[in-house]
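# Summary of the model geometry
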Amino acid sequence: MKIISVLALLLLVSPTLGFWSTGHMIIARIAHEEIKAKDPKYHATITKEIELLKDFAQEEINPFVESAVWADDNKAIAWGAFSNWHFVDTPVIAEGFEGEYEVDNANATWAIYEMRKTLKNMNKPKFNSGLALSFAWRYLIHLVGDIHQPLHASALYSDQFPHGDRGGNSFKITYPADKQVKNLHALWDSCVDQYGSIWAPVSDEEWNLLGKYSDDIKSEYPRSRVDKRVKVLDEREWAKESNKIATEVVYADIEPNTTPSEEYITRGREVVNEQLAVAGYRLADLMLQLRHYVSEGEEVESFMTE
Ligand SMILES: *[C@@H]1O[C@H](CO)[C@@H](O)[C@H](O)[C@H]1NC(C)=O
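Parameters and conventions
Residues numbered from 1 in each chain as written. Predicted model: local features only at pLDDT ≥ 70, side-chain atom pairs only at ≥ 80, totals over all residues. Heavy atoms only, no water. Core = buried A, V, L, I, M, F, W, Y, C linked by side-chain atoms within 4.5 Å. Buried < 20%, exposed > 50% of the residue type's maximum accessible area, 1.4 Å probe, protein only. Helix = DSSP H or I, 4+ residues; strand = E, 2+ residues; numbered from the N terminus. Arc of directions from axis to C-beta. Contact = heavy atoms within 4.5 Å. Axes fitted to C-alpha atoms, helices over the stretch in contact; angles between N-to-C directions. Parallel < 35°, antiparallel > 145°, perpendicular 65-115°, else oblique. Nonpolar A, V, L, I, M, F, W, Y, C, P; charged D, E, K, R; others polar. Salt bridge = Lys/Arg side-chain N within 4 Å of Asp/Glu carboxyl O. Phe/Tyr/Trp six-rings, centres within 6.5 Å; stacked < 30°, edge-to-face > 60°. Lys NZ or Arg CZ within 6 Å of the ring centre and 35° of its normal. Near = heavy atom within 4 Å. Polar contact = N/O pair within 3.5 Å; in protein donor to acceptor, adjacent residues only side chain to side chain. Areas by Shrake-Rupley, 256 points an atom, 1.4 Å probe, with all protein chains shown as cover.

## Thoughts on the nonpolar core
Counting residues in hydrophobic clusters, the biggest one holds 89 residues, and the most contacted among them are Trp137, Leu140, Leu184, Leu187, Trp188 and Met287. With 15 residues, helix 12 (residues 262-290) is the single largest residue contributor to this core.

In structure tokens form, the structure reads like this:
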């Protein structure tokens, strides 16, 4: 299969801004509570690090959790340099389709890897930079969420979408329950029409709602239920899982220009809620690992093979 640059395509059609905002904050809320319970001192340290860029954000109650949508705020102010970091559109190829697909190297897997590397490097005194620390935490928290959204790790290639459906953005659907949901990507960004849309700054009422949502998700999917998945702390594997979900669930049993069935919505919500739980636990475990001291001269771990 020939690989061509996706840049031209991306310039033509900027991706929809996710209503995944609430999903992002639920994931961050789970991680925030887990880290606070396990290591309050470390939690206080990384909260301070995240807060370093607070003046350039809209955070009110809890920067750790609210910073989860900062990366989308940056898209909204037309700071577009990092827009491709939000997805890794791995092809889902429809039966019988033969054609080309595109790869973009500055994608979500790459960006998560870079943020991890940056955070590890910041443990070395000679590299210590508040700007890099805060920036990398904020993007890490956001991108771990994105990569668990199946349509941030997939694009359908078929006779109807010979150039890919851009993570479901071109896959039009009708969804009478929420007229804003005009395509498959939006449906999945909205956590399959759950939890509404909460942006920073978060009000007290919204903060309580986020707490309720994350508690419900944690009690439905406690660590014990998903521990096998949570142990996997490799972003390339996360992208593969999401792509598998896209193949087996997201693109199954739905045709363009139709309304998703009740079964589709029910199944989709289950899948999303498990993804939110798994992403929250993984984010907690990853964040707990990253700021352990690396001595001068020690090479930063490299797990990405090219
Ligand atoms: C994502 O980026 C990595 C590293 O830059 C690259 O190896 C991989 O092929 C990219 N994947 C897609 C689907 O674009």
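Still more ground to cover, so stick around.
## Examining helix 10 (residues 223-230)
Those residues of helix 10 that fall on the buried side of the exposure criterion are Val226, Arg229 and Val230. For helix 10, the angular spread of buried residues about the axis comes to 90°, placing them on one side. Exposed and facing more than 90 degrees away from the buried side of helix 10 are Ser224 and Lys228. Contacts made by the buried residues of helix 10 are with helix 11 (235-250) and helix 12.

## Considering the packing of helix 3 (residues 40-51) against helix 7 (residues 130-147)
With their axes 7 Å apart at the nearest point, helix 3 and helix 7 run at an angle of 100° to one another. For the element pair helix 3 / helix 7, the angle class is roughly perpendicular. For the pair formed by helix 3 and helix 7, the contact residues are Tyr42, Ile46, Glu49, Ile50 and Glu51 on the first element and Leu133, Ser134, Trp137, Arg138 and Ile141 on the second. By residue class, the composition of the contact of helix 3 with helix 7 is 6 nonpolar, 1 polar and 3 charged.

## Regarding the pattern of salt bridges
Side-chain pairs of opposite charge can arise where the charged atoms are in close proximity. Summed over all chains, the structure comprises 20 salt bridges. When the shortest N-O distance is used, the salt bridge between Arg138 and Glu59 registers 2.8 Å. Remark: Glu59 occurs in the loop between helix 3 and helix 4 (63-66) and Arg138 occurs in helix 7; sequence separation between them is 79 residues. By relative accessible area, Glu59 is classed as buried at 7%. One salt bridge in this structure joins Asp215 and Lys218, with 3.9 Å as the shortest N-O distance. Remark: Lys218 and Asp215 occur in helix 9 (residues 204-220); sequence separation between them is 3 residues, near one turn of the helix. For Asp215, a relative accessible area of 42% gives the class partly exposed.

## Some details on the packing of aromatic side chains
Applying the stated criterion to the full structure yields 16 aromatic pairs. Here Trp85 and Tyr139 contribute two aromatic rings whose centre-to-centre distance is 5.4 Å and whose plane-to-plane angle is 75°, an arrangement assigned as edge-to-face. Of this pair, Trp85 sits in the loop between helix 5 (70-76) and strand 2 (91-93) while Tyr139 sits in helix 7; the two residues are 54 residues apart in sequence, bridging distant segments of the chain. A relative accessible area of 1% places Tyr139 in the buried class. Linked through ring pairs, Trp70, Trp79, Phe82, Trp85, Trp110, Phe135 and Tyr139 together constitute an aromatic cluster. A cation over an aromatic ring shows up here: Arg138 above the ring of Trp70, its NZ or CZ 5.1 Å from the ring centre.

## Focus on the site of the ligand
For the ligand, the set of nearby residues contains 9 residues, the closest of which are Thr90, Val103, Asp104, Asn105 and Asn107. Note that an oxygen atom of the ligand is positioned 2.3 Å from one of the side-chain N or O atoms of Asn107. Here the ligand has 360 Å² of accessible area as a free molecule, and 74% of this is covered by the chains. Among the residues forming the shell around the ligand, the class breakdown is 4 nonpolar, 3 polar and 2 charged.

Just geometry here; none of it tells us what the structure is for.
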